[in-house]
Amino acid sequence: MDRREPPRTEEGLYVLHDLRRVDWDAWRDAGERDREAAIEEGVEYLETHADIEQGDTAVFSVLGHKADLLILHLRPTLEALDRAEREFEGCALAEFTDRASSYVSVAEASGYTEAAADYFDPDAEADPGLQRYMDSRLHPELPDTEFVSFYPMSKRRDPEYNWYDLPFEERRELMAAHGDIGREYAGKVTQIISGSIGIDDHEWGVTLFADDMTDIKRLLTEMRFDPSSSRYAEFGRFYTGRRFAPSQLEAFLAG
Amino acid sequence: MDRREPPRTEEGLYVLHDLRRVDWDAWRDAGERDREAAIEEGVEYLETHADIEQGDTAVFSVLGHKADLLILHLRPTLEALDRAEREFEGCALAEFTDRASSYVSVAEASGYTEAAADYFDPDAEADPGLQRYMDSRLHPELPDTEFVSFYPMSKRRDPEYNWYDLPFEERRELMAAHGDIGREYAGKVTQIISGSIGIDDHEWGVTLFADDMTDIKRLLTEMRFDPSSSRYAEFGRFYTGRRFAPSQLEAFLAG
Amino acid sequence: MDRREPPRTEEGLYVLHDLRRVDWDAWRDAGERDREAAIEEGVEYLETHADIEQGDTAVFSVLGHKADLLILHLRPTLEALDRAEREFEGCALAEFTDRASSYVSVAEASGYTEAAADYFDPDAEADPGLQRYMDSRLHPELPDTEFVSFYPMSKRRDPEYNWYDLPFEERRELMAAHGDIGREYAGKVTQIISGSIGIDDHEWGVTLFADDMTDIKRLLTEMRFDPSSSRYAEFGRFYTGRRFAPSQLEAFLAG
Amino acid sequence: MDRREPPRTEEGLYVLHDLRRVDWDAWRDAGERDREAAIEEGVEYLETHADIEQGDTAVFSVLGHKADLLILHLRPTLEALDRAEREFEGCALAEFTDRASSYVSVAEASGYTEAAADYFDPDAEADPGLQRYMDSRLHPELPDTEFVSFYPMSKRRDPEYNWYDLPFEERRELMAAHGDIGREYAGKVTQIISGSIGIDDHEWGVTLFADDMTDIKRLLTEMRFDPSSSRYAEFGRFYTGRRFAPSQLEAFLAG
Amino acid sequence: MDRREPPRTEEGLYVLHDLRRVDWDAWRDAGERDREAAIEEGVEYLETHADIEQGDTAVFSVLGHKADLLILHLRPTLEALDRAEREFEGCALAEFTDRASSYVSVAEASGYTEAAADYFDPDAEADPGLQRYMDSRLHPELPDTEFVSFYPMSKRRDPEYNWYDLPFEERRELMAAHGDIGREYAGKVTQIISGSIGIDDHEWGVTLFADDMTDIKRLLTEMRFDPSSSRYAEFGRFYTGRRFAPSQLEAFLAG
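Here the structure is a predicted model, which is why all the values come from computation and not from measurement.

Visitor: Please explain the overall build of chain A as it appears in this structure.
Guide: Within chain A one finds nine helices and nine strands. By the compact-globule yardstick of 18 Å for 255 residues, chain A fits well, its C-alpha radius of gyration being 20 Å. The 255 residues of chain A split such that 60% are buried. Within chain A, residue pairs in contact and separated by at least 24 positions form 77% of the contacts whose partners lie at least 6 positions apart. Surface summary for chain A: the accessible area is close to 10,100 Å², and the carbon and sulfur share equals 42%. Computed over 29 positive and 55 negative side-chain charges, the separation of the two mean positions in chain A equals 5 Å.

What follows is the structure, encoded as structure tokens:
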């Protein structure tokens, strides 16, 4: 009953998935002036935060009752993330929203793949391509796609399916095979993987971007038949969103 | 520990099950004029959406406390579905409803059956009958029955009952046997199967239509004794509704 | 991995357990006239519904915070059940209640017992006693006892305890033994068994009536040691109520 | 697959754990006169109910957000318990509280121990000591300690840990060993065991009284290492309270 | 099936994690005077409680929707903890907060390690170093770091992973190995372990302090691969906070 070797990890931008419901009753009842102020301050908040130097902010219309808005923040520090969250409460748009859910995590790269193993090896020669790859994982830019799918997940620790009790080599192979599926969707689906052990209720947040939602559906279906998911994955709730530009906030609120 | 072969799938109309509670306190307190406006705008919303060119919309009275209304939308794009959902909030009826639950999915046909396998085989000859069948699954029309039963479901991934770890052939046989039960209820129960992996919390939405609710009860009871359900199914909540025409909205609200 | 033989079932009256909380704050704040109207309309609603030709309605004071009132409706159609539920919202008493929970099901008799098997056998001779027994299960009258215990339940589908994977004969024996326990409480505890597969979240609703609550407690304790429950039962929440006559509504609300 | 022998049980006083939150916002906003009325009626309610002839009532300040007040009622009938609960809603203090949770059960003695077996044996000679012991379990008096710990619990019915599938003799031994731990804390920790099969969501309520909360913590820690708990116990939520005299209600509300 | 030997434990300061949401709508709507009063009384509450003679109080800004504020209290008695909680409700800041969650526990040292075993051995010579160590665990001072991670946890009692069914010696070894990981993070991560068996819903509260949140993430990741966690740990929700001085309350509320 030995301790298993954990993967090396590197952390980059902190991530907040801020999921909010619109208080449509309040919105319908609001006077023209209050609506205008809410839209103006909302657009300003979203544009200012999208224009920050380090990190990014984007907004999505969420389908179904679980939320109406997903505001996705990436920031270099937890302190900046905390501020981004609280600043929203100071703007007039906040009056018309309630917090439905959220997820806090940090963009993560782990040393399971061979390439990544080199990255974590102090004796390996510097590899600019690898460096760029790692940087794209740790400091991702939000891709300009129409749809997003977000869900938190953990790895199981059950007697027969215990990810954390597998030898490193086995986990490495599982991760490699899992990554192969993802690569088949290159150009169609982009992902941000962010870790949250000790930070939020699951162990990772997964954010997938695509212009065709069925590409995400098919990618995740293929993955579900892969042991990495079929045996070891435990999923939280799934949120589906459609991106809109801050300037479209008025149209979004008009229904 | 190999990856299992996923089924081919084709996706059609996007589906939103929009479950709402009536705020009966507000309704009782509302003045005649407000009620009239709510009914008028509600009827207009429901009729306009039922009359769209692509897709359909229907409304049901839901039994029990979980919801009062089920508004069921089918649309060719997620964008149109998103709009249908938000447009409701703009009509005066919305003032008297709260969102109780929802489900987002997309009508799906999968290549488990032999017939369907042909459909996905680029070398197979075109079969107009098969084409019509697939089209009826991907672009279903809402049948004109009195009752509906909706529930989301997933397949289990437990050590002993792991759907995603079964060989394709075994899943194919299970699906075929499961389909046989459904066929015994042809003419009595109609179904819409919509997939939601990566889109909502379960893996599928199942919507059953019948003029006699006990037909649905018996169909699902038979299915529960079939390994496909007895070993592999994980059910969400069940919603039972009774369809009414948009023009009956006033009668519905009158109690 | 074969499909198991399901029992034959017959369905009778539809059942709604409508569980409501009293909004005591509103009640305390209400003026005398509003209270009187609420009591008057509440009594009228309850008496009218108890007097319907087909089916029955009764009201119970529920102990604990989960609910204050259980209004139990039996009706020949889902449509009548739906109407009974909505009509309550039209009466002034509704203003002082919130919906806490509910359960929708349909009185059911199944062909597990030998007697019942005869009932479902088209070649068997008509047996008036059996017919009366089946009728009492399908169209039960609410017994006039002081206490009620209601809970929904399902049968397990776990690898080692999978009810739906047992051969019919084994289930038949288990049901027979389970029924034997019930018969020991004849005259003390009366039951209504209603099925809800495809209708509500569990598979059955169980409603037990007795003049001494410890009889129900002892009956269920004995049953829990019987394999039918100890291995195969999955219970929902339990609600305990005390019946009162519609005319006692004022006393109930007075505390 | 036989039915196991259930223990004989005897039932005594019915028990209601009524857990309430104080609406501190309303309390802060209340005028002096309203506060005085609430305190006066609250004290009167608590004192009157503590002074009833049969049974008892006590009040505790509950730590943490799950509740602020635990009002613990013991009554000879469910009807009296129901009335005690509803009467509270009639007093002005209720305006400043919301119902957070509750538990309904009945003080219980079971025939697992040899002594108890005698009690249930109609041929055994009357034993005044045993009679007093049983009476103290069935009609317990609330001990005058500072702290209380309340939690509901059930016994597991899992394939490997199935309490209800154990032979009587094995359960008897487990119960005896469990009781031995409790006896080591005699004079430090007092308990009320109340059964709730068919009455509320778990199978028992456990109420522990002590002047030093760490005695309860140590007792339960020891018990957790005993098979009766380590293999067979399923716990609900735990509530920790500090008793105060009705006359201290004003001090309690003053913070 | 014997009872396992429990560890000796010693208890010190009682701990309350008081998690609150800010009612931002109320805050935005509040007049300048009300805000000033809330800030003034809030700062005074926090400073007074941080200055108490025995124990400590600190405040953190919590990320995400689960809470906005964590007020962490350590007190020598449950009575003082209860008072600290209720006193907050008396200050004007409370008007702008709702209770989101909480956890009640008591700082604990257990006799698993050899050093600790000496501490509990009445015949061992007094060891001032050990005494200081034990005292630091039982009467911890809140370290002055920027970040905190709090989560409650329990040990599993499943058939294959049953912590409470392991021999003492095995648990001792698991705890020692687990402690070794923690020691690698000495100087980076500080912890408070508090027990809650019989007091709150889990068995322990774990509070970790660090200036770099990724240190906590890495520590817990390493631990997750250790049998103590991979097989025996059951985690509750995780809360991530950023400490601020009471005097920064105004800045915190300004967004």
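Visitor: Whenever I open this one, the relation of the copies chain E and chain A confuses me. Can you help?
Guide: In summary, the two copies of the chain are related to each other by a rotation about an axis coupled with a shift along it. Superposition record for chain E on chain A: RMSD 0.0 Å, screw rotation 72 degrees, translation along axis 0.0 Å. Classification of the inter-copy transformation places it as that of a five-fold axis.

Visitor: Would you take a moment to explain the environment of A94(E) for this structure?
Guide: Considering the arrangement of structural elements, one finds A94(E) in the loop between α3 (78-89) and β4 (97-110). For A94(E), a relative accessible area of 0% puts it in the buried group. Along the primary structure A94(E) and A38(E) are separated by 56 residues, whereas in three dimensions their C-alpha atoms are 7.8 Å apart. A94(E) has contacts with D25(D), R28(D), F88(E) and E89(E), leaving out every residue within four places of it along the chain.

Visitor: Help me understand the pairing of strand β9 (residues 239-244) of chain A, please; the structure alone is not making it clear to me.
Guide: Look at any regular strand and the pattern is simple: side chains alternate between the two faces of the sheet. Residue and element names in this part refer to chain A. With five of its six residues buried, β9 lies for the most part within the structure. Direction of pairing for strand β2 (residues 56-62) relative to β9: antiparallel, over a ladder of four bridges. Residue S61 lies in a different strand from β9, and its bridge partner there is R242. The pairing of strand β5 (residues 147-155) with β9 spans four bridges and is antiparallel.

Visitor: Please clarify how the packing of aromatic side chains should be interpreted in this entry.
Guide: Each aromatic ring pair is characterised by the separation of its centres together with the angle its planes make. Residue and element names in this part refer to chain A. All told, the structure shown has 74 aromatic pairs over all chains when counted by the stated rule. With a centroid separation of 5.1 Å and an interplanar angle of 85 degrees, the aromatic rings of W27 and F96 are classed as edge-to-face. One end of the pair, W27, is in helix α1 (residues 24-29); the other, F96, is in the loop between α3 (78-89) and β4 (97-110), with 69 residues separating them in the sequence. Of the two residues, W27 and F96, both sit in the buried class.

Visitor: Could you clarify how one ought to interpret the side chain of D18(C) in this entry?
Guide: Residues and elements named next belong to chain C. Within the secondary structure layout, D18 lies in strand β1 (residues 9-22). Polar contacts involving the side chain of D18 include one to the side chain of R20, which spans 3.1 Å. When neighbours within four sequence positions are excluded, D18 is seen to be in contact with L69, L70, I71, E85 and S101.

Visitor: I keep staring at the pattern of salt bridges and nothing clicks. Help me out?
Guide: Here the idea is simple: oppositely charged side chains can pair when their charged atoms come close. Residue and element names in this part refer to chain D. Enumeration according to the criterion identifies 132 salt bridges over all chains in this entry. Measuring nitrogen to oxygen at the nearest pair gives 3.1 Å for the salt bridge that ties E146 to R242. One end of the pair, E146, is in the loop between α5 (128-138) and β5 (147-155); the other, R242, is in strand β9 (residues 239-244), with 96 residues separating them in the sequence. Since its relative accessible area comes to 14%, R242 is described here as buried.

Visitor: Before we go on, may I ask you to explain the packing of helix α6 (residues 168-184) of chain B against helix α7 (residues 213-224) of chain B in this structure?
Guide: Geometrically, a packed helix pair is captured by the angle between its two axes and the distance between the axes. Residues and elements named next belong to chain B. Axis separation between α6 and α7 bottoms out at 10 Å; the angle between their running directions is 160 degrees. Between α6 and α7, the angle falls in the class roughly antiparallel. Of the two elements, α6 crosses α7, and the hand of that crossing is right-handed. Across from H178, I181, G182 and E184 in α6, the residues of α7 making contact are L219, E222 and M223. The class makeup of the residues in the contact of α6 with α7 is three nonpolar, two polar and two charged.

Visitor: Help me understand the interface of chain E and chain A, please; the structure alone is not making it clear to me.
Guide: Often, the extent of an interface is quoted as the loss of accessible area on bringing the components together. Each side of the interface is counted separately: chain E has 51 residues, and chain A has 47 residues. Where chain E abuts chain A, roughly 4,200 Å² becomes buried across the two surfaces, and 53% of that area is made up of carbon and sulfur atoms. Contact with chain A buries surface across chain E, with H65(E), K217(E) and F225(E) losing the most and accounting together for 20% of the total. Linking chain E with chain A are 15 salt bridges. When the shortest N-O distance is used, the salt bridge between R224(E) and E203(A) registers 2.8 Å.

Visitor: What is the right way to read the arrangement of the chains from this model?
Guide: You won't find any contact between chain A and chain C; their C-alpha atoms come no closer than 14 Å. Without any contact between them, chain A and chain D keep their closest C-alpha atoms 14 Å apart.

Visitor: So what exactly am I meant to see when it comes to the interface of chain B and chain A here?
Guide: Across the contact, 47 residues belong to chain B and 51 residues belong to chain A. Regarding the contact of chain B and chain A, the summed buried area is about 4,200 Å², with carbon and sulfur atoms giving 52% of it. On inspection of chain B and its partner chain A, the count reaches 16 salt bridges. Residue D201(B) is joined to R237(A) by a salt bridge in which the shortest nitrogen-to-oxygen separation is 2.7 Å. Remark: the boundary between chain B and chain A carries 25 residue pairs in polar contact (both at pLDDT 80 or more). Of all the secondary-structure elements, those providing two or more residues to the side of chain B that touches chain A are β1 (9-22), α3 (78-89) and β4 (97-110) of chain B. Counting residues per element, the side of chain B that touches chain A draws most heavily on α3(B), which supplies nine residues. Looking at the side of chain B that touches chain A residue by residue, the classes come out as 17 nonpolar, seven polar and 23 charged.

Visitor: Would you take a moment to explain helix α6 (residues 168-184) of chain D for this structure?
Guide: The α-helix winds at 3.6 residues per turn, so residues separated by three or four positions along the chain end up facing the same way. Residue and element names in this part refer to chain D. A rise of 1.5 Å per residue sets the reference length of α6, with its 17 residues, at 24 Å; its end C-alpha atoms lie 25 Å apart and thus fit the reference within 8%. Turning to α6, its buried residues are F168, R171, L174, H178 and I181. Down the axis of α6, the sector holding all buried residues measures 140 degrees, keeping them to one side. Looking at the buried side of α6, the elements it contacts are α7 (213-224) and α8 (227-230).

Visitor: Please explain a negative patch on the surface as it appears in this structure.
Guide: Where like charges cluster on the molecular surface, the negative patch consists of D158(A), E160(A), D158(B), E160(B), D158(C), E160(C), D158(D), E160(D), D158(E) and E160(E). Topologically, E160(E) is positioned in the loop between β5 (147-155) and α6 (168-184). The partly exposed category is assigned to E160(E), whose relative accessible area is 49%.

Visitor: Looking at this structure, how should I read the pairing of strand β4 (residues 97-110) of chain D?
Guide: Residues and elements named next belong to chain D. For β4, a buried count of 10 out of 14 residues is recorded, marking the element as mostly surrounded by other parts of the structure. Of the strand pairs in this sheet, strand β1 (residues 9-22) and β4 are connected by 12 bridges, and their pairing is antiparallel. Note on β4: the bridge partner recorded for H17 is Y103.

Each value, and the rule that gives it
Residues numbered from 1 in each chain as written. Chains lettered and ligands numbered in written order. Predicted model: local features only at pLDDT ≥ 70, side-chain atom pairs only at ≥ 80, totals over all residues. Heavy atoms only, no water. Helix = DSSP H or I, 4+ residues; strand = E, 2+ residues; numbered from the N terminus. Rg over C-alpha atoms; globule rule 2.2 N^0.38 Å. Buried < 20%, exposed > 50% of the residue type's maximum accessible area, 1.4 Å probe, protein only. Contact = heavy atoms within 4.5 Å. Areas by Shrake-Rupley, 256 points an atom, 1.4 Å probe, with all protein chains shown as cover. Lys, Arg positive; Asp, Glu negative; His and termini not counted. Charge placed at Lys NZ, Arg CZ, Asp CG, Glu CD. Least-squares fit on C-alpha atoms with pLDDT ≥ 70 in both. Pairing = 2+ DSSP bridges. Phe/Tyr/Trp six-rings, centres within 6.5 Å; stacked < 30°, edge-to-face > 60°. Polar contact = N/O pair within 3.5 Å; in protein donor to acceptor, adjacent residues only side chain to side chain. Salt bridge = Lys/Arg side-chain N within 4 Å of Asp/Glu carboxyl O. Axes fitted to C-alpha atoms, helices over the stretch in contact; angles between N-to-C directions. Parallel < 35°, antiparallel > 145°, perpendicular 65-115°, else oblique. Left-handed = near helix turned anticlockwise from the far one by under 90°. Nonpolar A, V, L, I, M, F, W, Y, C, P; charged D, E, K, R; others polar. Buried area = accessible area lost by both parts, 1.4 Å probe. Expected span 1.5 Å × (residues − 1). Arc of directions from axis to C-beta. Patch = residues over 30% accessible without salt bridge, like charges linked within 9 Å, V, L, I, M, F, W, Y side chains within 5 Å.

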